[in-house]
Amino acid sequence: MGTIEGRLSERDMELLYETARIASESRAKGNHPFGALIADMDGNIIMEQTNTVNTEHNDCGHAETEALIKASKKYDREFLHGCTLYTSIEPCAMCTGALYWSNVGRLVYGLTEEKLLELTGSNPENPTFSLPCREVIDRGQKDIEVVGPVEDGEFEKRVVEDHLGFWD
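To start, this report covers the structure provided alongside it. Quantities reported herein were computed from a predicted structural model and do not represent experimental measurements.

## So, helix α7 (residues 153-163)
Alright, step 1. Along α7, the residues classified as buried are Phe 155, Val 159, Val 160, Asp 162 and His 163. One side of α7 holds all its buried residues, which, seen down the axis, span an arc of 155 degrees. Opposite the packed face of α7, turned more than 90 degrees from it, sit the exposed residues Gly 153, Glu 154 and Lys 157.
Alright, step 2. The inward-facing, buried residues of α7 contact α1 (10-28), β4 (84-89), β5 (106-111) and α5 (113-120).
Alright, step 3. Capping of α7 at its N-terminal end is provided by Asp 152; its side-chain oxygen lies 3.1 Å from the backbone amide nitrogen of Glu 154.
Alright, step 4. Once α7 ends, the next one or two residues include Gly 165, with phi positive near 80 degrees.

## Here we look at the nonpolar core
Alright, step 1. Counting residues in hydrophobic clusters, the biggest one holds 21 residues, and the most contacted among them are Ile 38, Leu 68, Leu 85, Leu 99, Val 104 and Leu 107.
Alright, step 2. When contributions to this core are tallied by element, the ones reaching two or more residues are β2 (35-39), β3 (45-50), α2 (63-74), α4 (93-102), β5, α6 (133-138) and β6 (144-147).
Alright, step 3. Ranked by the residues each element gives to this core, the list is headed by α2, at 4 residues.
Alright, step 4. Counting residues in hydrophobic clusters, the runner-up holds 20 residues, among them Phe 34, Val 108, Phe 155 and Val 160.

## Description of the sheet that holds β2
Alright, step 1. Taken in spatial order, the 6 strands line up as β1-β6-β5-β4-β2-β3 in an open sheet, and their pairing is mixed. In this open sheet, the two edge strands, each paired with only one partner strand, are β1 (3-5) and β3. This sheet shows a mean twist of 25 degrees between the axes of neighbouring strands, independent of strand direction.
Alright, step 2. Note that β1 and β6 share 3 bridges and pair parallel. When the sheet's bridge partners are listed, Glu 5 is paired in β6 with Val 146.

## Concerning the packing of aromatic side chains
Working definition: an aromatic ring pair is given by the centre-to-centre distance plus the angle between the planes.
Alright, step 1. By the definition in use, this model includes 5 aromatic pairs.
Alright, step 2. Between Tyr 100 and Trp 101, the aromatic rings sit 5.1 Å apart at their centres with planes inclined by 85 degrees, giving edge-to-face as the arrangement.
Alright, step 3. According to the relative accessible area criterion, Tyr 100 is buried, its value standing at 14%.
Alright, step 4. Pairwise contacts between aromatic rings join Phe 34, Phe 166 and Trp 167 into one cluster.
Alright, step 5. In this structure, Lys 142 is placed above the aromatic ring of Tyr 100, and the distance from its NZ or CZ to the ring centre is 4.5 Å.

## Section: α2
Alright, step 1. With 12 residues, α2 should cover 16 Å at 1.5 Å per step; its first-to-last C-alpha distance of 17 Å lies within 8% of that length.
Alright, step 2. Lining the buried residues of α2 we find β2, β3, α3 (77-81), β4 and α4.

## Digging into the packing of α1 against α7
Alright, step 1. Close contact between α1 and α7 brings their axes to 9 Å; oriented N to C, the two are set at 10 degrees. If you check the angle between α1 and α7, you find them roughly parallel. Contacts from Met 13, Leu 16, Tyr 17, Thr 19, Ala 20, Arg 21, Ala 23, Ser 24 and Arg 27 in α1 reach Glu 154, Phe 155, Arg 158, Val 159, Glu 161, Asp 162 and His 163 in α7.
Alright, step 2. Looking at the contact of α1 with α7 residue by residue, the class counts come to 7 nonpolar, 3 polar and 6 charged.

Calculation rules
- Residues numbered from 1 in each chain as written.
- Predicted model: local features only at pLDDT ≥ 70, side-chain atom pairs only at ≥ 80, totals over all residues.
- Heavy atoms only, no water.
- Buried < 20%, exposed > 50% of the residue type's maximum accessible area, 1.4 Å probe, protein only.
- Helix = DSSP H or I, 4+ residues; strand = E, 2+ residues; numbered from the N terminus.
- Arc of directions from axis to C-beta.
- Contact = heavy atoms within 4.5 Å.
- Polar contact = N/O pair within 3.5 Å; in protein donor to acceptor, adjacent residues only side chain to side chain.
- Core = buried A, V, L, I, M, F, W, Y, C linked by side-chain atoms within 4.5 Å.
- Pairing = 2+ DSSP bridges.
- Axes fitted to C-alpha atoms, helices over the stretch in contact; angles between N-to-C directions.
- Phe/Tyr/Trp six-rings, centres within 6.5 Å; stacked < 30°, edge-to-face > 60°.
- Lys NZ or Arg CZ within 6 Å of the ring centre and 35° of its normal.
- Expected span 1.5 Å × (residues − 1).
- Parallel < 35°, antiparallel > 145°, perpendicular 65-115°, else oblique.
- Nonpolar A, V, L, I, M, F, W, Y, C, P; charged D, E, K, R; others polar.

Such coordinate-based values are descriptive only and should not be taken to indicate function.
So, in structure tokens, the structure goes:
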């Protein structure tokens, strides 16, 4: 049980770029520049979510966790097992836990949490874990397919743009 290594499709890449768009929207609203979405097994977006840490005064308002909570209230566990969570940056331990408990069966992410640490430094608003999502998943009793980090220079450049100057 644990992590199943998956493959990246063209549609996966399109949806990752959507998470970058959502992250830009999040920053424009005054929140941390993170975005997430959930798609069904046909690649149709069923949920989009910005980060809400600042505007909702919710330190747990990570885009991934918020999207997964909303999806688990709207859809049944069997349906969600066939869905994918997309996020521009590797989910933290809390967000990976939300993925696990919501029963979403697949994760696709862009940049690593290590890369995020390079961008945020020691900013107290984002004290990153040194705990890869695969390690969290591998401690559970479910198989979850994971694709990431994605090696695409243009995508990384796009995501990094939203973080530049934000954490200073």
